Amino acid sequence: MTRNSLKLALAAMGLVAAGAQAQDVTLTIESWRNDDLALWQQEIIPAFEAEHSGIKVIFSPSAPTEYNAALNSKLDAGSAGDIITCRPFDASLALFEAGHLTDLDDMEAMNNFSDVAKSAWQTDDGSATFCVPMASVIHGFIYNADAFAELGIEVPATEAEFFAALDTIKEDGSYIPMAMGTNDQWEAATMGYNNIGPNYWSGEEGRRALIAGEQKLTDDAWVAPYETLARWGDYLGDGFEAQTYPDSQNLFTLGRAAIYPAGSWEIAGFNAQADFAMGAFKPPVRNAGDTCYISDHTDIGIGMNAATADPEAAKTFLAWVGSPEFASIFGNALPGFFPLSKTPVELTDPLAREFVSWRGECESTIRSTYQILSRGTPNLENETWGASVAAIKGTSSPAELGQKLQEGLASWYAPQQ
């Protein structure tokens, strides 16, 4: 073999080796969405890999209740995946501040998202964004359309119409008016207080005023939702105090309850389990003609482990997650999780279309306790769970609940002191 031919052979071997190495890049995704495993394996990952043959992706979820602790342990041990699925606000902010997540502001794909969409995964001053926004969930009420037709009930738009509908259902006796229990507590706050509350505190205006210390939890805007929740107990059926979240889901999908205070994440499961027609209505306004507000809560994002051995491949994947193609796949494969990209996504599911249509009719906000206000002890998010349960069960007055929450927040949060 001549010297030149040897050089050519070695060069060819080098190219082959480089090609083999490129094929060896494998990214692992950490997530709490273990119920999405099939979606990622069958739809999302194949679509990405079809366009990026040099990168393989493994979706490796943990149980939702174990995710935060498991992820932190892996990060501390240096064994976490390359891609980190991000909860909104403080949990992910803590990961960024600990050096576990990378600032992604220099990625062109981040221009596909509004400042509001990115706010759940930014530093307080907005100087760094560390996760690509994926989806939000919207709050409202899902109802049994067959039951409404049978009882001659129109979809309520105001609180007076809402309670009149509940009275009609209760008097008929064929259905539990509304399926929600208080055993697990979080539903009372998430599908109760933070569902109806934005119509009282004017969404972002009130939420930001609370953070700034310009409003207090003893103000009417924050106490009045508890007064409304106190009326719910009469319509939740016997034994609601011991009723769990899965119990409530089953009562509704089996056709035993007419209304379900909901997050849009229920859509896929309800579609699979209910054999009756369903509809959805937004949180009723207090008075006809009032501006409506919805909780359009930034729920899930995705970022890069700062310790990944393959940062370029990881950024390639994250850029794709920020694309309209991903938004269309995700939004339709998982109805009720609404893409946050600026490019509109055509949704096929009718319930999902109903929920997302409210963005054009109402002002959007996020859950009141999620940004900044639950960093101390007592934790305002957890305290709101207990307060919402107490309001529904009637064990404390709304004024007492507002006072207790205010005292707890003021005990550690300077703007409220």
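See above for the structure.
Just so you know, these numbers come straight off a predicted model, no measurement behind them.

### Points about the overall build of the protein
Helix and strand content of the protein: 18 helices and ten strands. Principal-axis analysis of the C-alpha atoms gives the protein an extent of 95 × 50 × 35 Å. By the burial criterion, 54% of the 417 residues in the protein qualify as buried. By sequence separation, contacts in the protein at least 24 residues apart represent 77% of the contacts at least 6 residues apart. Roughly 17600 Å² of accessible area belongs to the protein as shown, and the carbon and sulfur atoms make up 49% of that amount. The distance from the centre of the 23 positive side-chain charges to the centre of the 56 negative ones in the protein is 6 Å.

### Points about the state of the cysteines
What is meant by a disulfide is a covalent connection between two cysteines, made through their sulfur atoms. A full pass over the atoms with the stated rule returns two disulfides. Paired through a disulfide, Cys 86 and Cys 131 show a sulfur-sulfur distance of 2.1 Å. Between Cys 86 and Cys 131 the sulfur-sulfur dihedral comes to about -80°; the bridge is accordingly left-handed. One end of the pair, Cys 86, is in strand 3 (residues 83-86); the other, Cys 131, is in the loop between helix 5 (115-118) and strand 4 (132-144), and 45 residues separate them in sequence. Judged by relative accessible area, which is 0%, Cys 131 ranks as buried. Bridging Cys 292 to Cys 362, the disulfide has an S-S length of 2.1 Å. Sign of the S-S torsion, about -95° for the bond between Cys 292 and Cys 362, identifies this disulfide as left-handed. Of the two residues, Cys 292 is situated in the loop between strand 7 (278-281) and strand 8 (293-304) and Cys 362 in the loop between helix 16 (350-357) and strand 10 (363-365); the sequence distance between them amounts to 70 residues. Here Cys 292 matches Cys 362 in class, with each residue buried. Across the protein, the disulfide pattern expressed with sequentially numbered bonded cysteines is 1-2, 3-4.

### Re the packing of aromatic side chains
The tally for this structure, following the rule as stated, stands at 29 aromatic pairs. Between Phe 355 and Trp 358 the ring centres are 4.7 Å apart and the planes differ by 45°, which places this aromatic pair in the tilted class. Take Phe 355 and Trp 358: they sit in the same class, and that class is buried. Taking 5.5 Å as the distance between ring centres and 55° as the angle between the ring planes, the aromatic pair formed by Trp 412 and Tyr 413 counts as tilted. Residue Trp 412 is classed as partly exposed on the basis of its relative accessible area of 24%. Here a set of aromatic residues connected by ring pairs shows up, and it is made of Phe 141, Tyr 143, Phe 148, Phe 162, Phe 163, Trp 232, Tyr 235 and Phe 281. One Lys or Arg, Arg 231, reaches over the ring of Phe 163 and ends 3.7 Å from the middle of that ring. Positioned above the aromatic ring of Tyr 370, the side-chain terminus of Arg 367 is 5.2 Å from the ring centre.

### Points about the side chain of Arg 367
Structurally, Arg 367 can be placed in the loop between strand 10 and helix 17 (380-393). For the buried Arg 367, no salt bridge exists, and the shortest N-O distance to an oppositely charged side chain is 4.8 Å, to Asp 299. Side chain to side chain, Arg 367 and Tyr 370 meet in a polar contact 3.1 Å long. For Arg 367, the contacting residues outside a window of four places in its chain are Val 137, His 139, Thr 190, Asn 194, Arg 207, Trp 265, Ser 295 and His 297.

### Quick notes on the pattern of salt bridges
Summed over all chains, the structure comprises ten salt bridges. Measuring nitrogen to oxygen at the nearest pair gives 3.4 Å for the salt bridge that ties Asp 106 to Lys 315. Taken together, the residues span a long stretch of sequence, with Asp 106 in the loop between helix 4 (90-97) and helix 5 and Lys 315 in helix 14 (residues 311-321) at a distance of 209 residues. The class for Asp 106 is exposed, based on a relative accessible area of 60%.

### Concerning the pairing of strand 2 (residues 55-61)
Note: strand 1 (residues 25-31) against strand 2, seven bridges, orientation parallel. By the bridge assignment, Thr 26 is partnered in strand 2 with Lys 56.

### Quick notes on the nonpolar core
Residues Trp 40, Ile 259, Ile 302 and Phe 317 are the most contacted members of the largest nonpolar core, which totals 129 residues. No other element matches strand 4, which puts eight residues into this core. Mapping this core onto the domain boundaries places at least three of its residues in each of domain 1 (22-136 + 297-352) and domain 2 (138-296 + 365-416).

### Re helix 10 (residues 204-212)
Given 3.6 residues per turn, any residue in an α-helix points the same way as the ones three and four places further on. Those residues of helix 10 that fall on the buried side of the exposure criterion are Gly 206, Arg 207, Ala 209, Leu 210 and Ile 211. Tucked inside the fold, the buried residues of helix 10 contact helix 9 (198-201), helix 11 (220-232) and strand 10. Positioned one or two residues after helix 10, Gly 213 has a phi angle of 80°, which is positive.

What counts, and at which threshold
- Once a new chain begins, its residue numbering starts again from 1 and follows that chain's sequence as written.
- It should be noted that, the model being predicted, local features are given only for residues of pLDDT at least 70 and side-chain atom pairs only at 80 or more, the latter also being counted only at that level, while totals for whole chains, interfaces and linings use all residues.
- Side-chain measures were taken over the full set of non-hydrogen atoms in the model, leaving aside hydrogen atoms and water.
- The helix count covers DSSP runs of H or I at least four residues long, the strand count covers runs of E at least two residues long, and both are numbered beginning at the N terminus.
- In this scheme, a residue with accessible area under 20% of its type's maximum is buried, one over 50% is exposed, and one in between is partly exposed, where area comes from a 1.4 Å probe on protein chains only.
- Only heavy atoms enter the contact rule, under which two residues are in contact if any of them lie within 4.5 Å.
- What sets the accessible areas is the Shrake-Rupley method with a 1.4 Å probe; for residues, cover comes only from the shown protein chains.
- His residues and chain termini do not enter the charge count, which takes Lys and Arg as positive and Asp and Glu as negative.
- The atom standing in for a charge is NZ when the residue is Lys, CZ when it is Arg, CG when it is Asp and CD when it is Glu.
- When the sulfur atoms of two cysteines come within 2.5 Å, that pair is taken as a disulfide.
- Working definition: a ring pair exists when centres of Phe, Tyr or Trp rings (six-membered ring for Trp) sit within 6.5 Å. Plane angles under 30 degrees give stacked, over 60 give edge-to-face, the rest tilted.
- When the NZ atom of lysine or the CZ atom of arginine is within 6 Å of a ring's centre and also within 35 degrees of its normal, the charge is said to sit over that ring.
- Basic side-chain nitrogens of Lys or Arg form a salt bridge, by our definition, when they fall within 4 Å of a carboxyl oxygen of Asp or Glu.
- Two N or O atoms form a polar contact when they lie within 3.5 Å of each other; inside protein one atom must be a possible hydrogen donor and the other a possible acceptor, and for residues adjacent in sequence the pair counts only when both atoms belong to side chains.
- For two strands to be treated as a pair, DSSP must find at least two bridges joining them.
- The definition of a nonpolar core used throughout is a set of buried Ala, Val, Leu, Ile, Met, Phe, Trp, Tyr and Cys residues joined through side-chain atoms within 4.5 Å.
- Domain start and end points were adopted from an automatic or database domain assignment.

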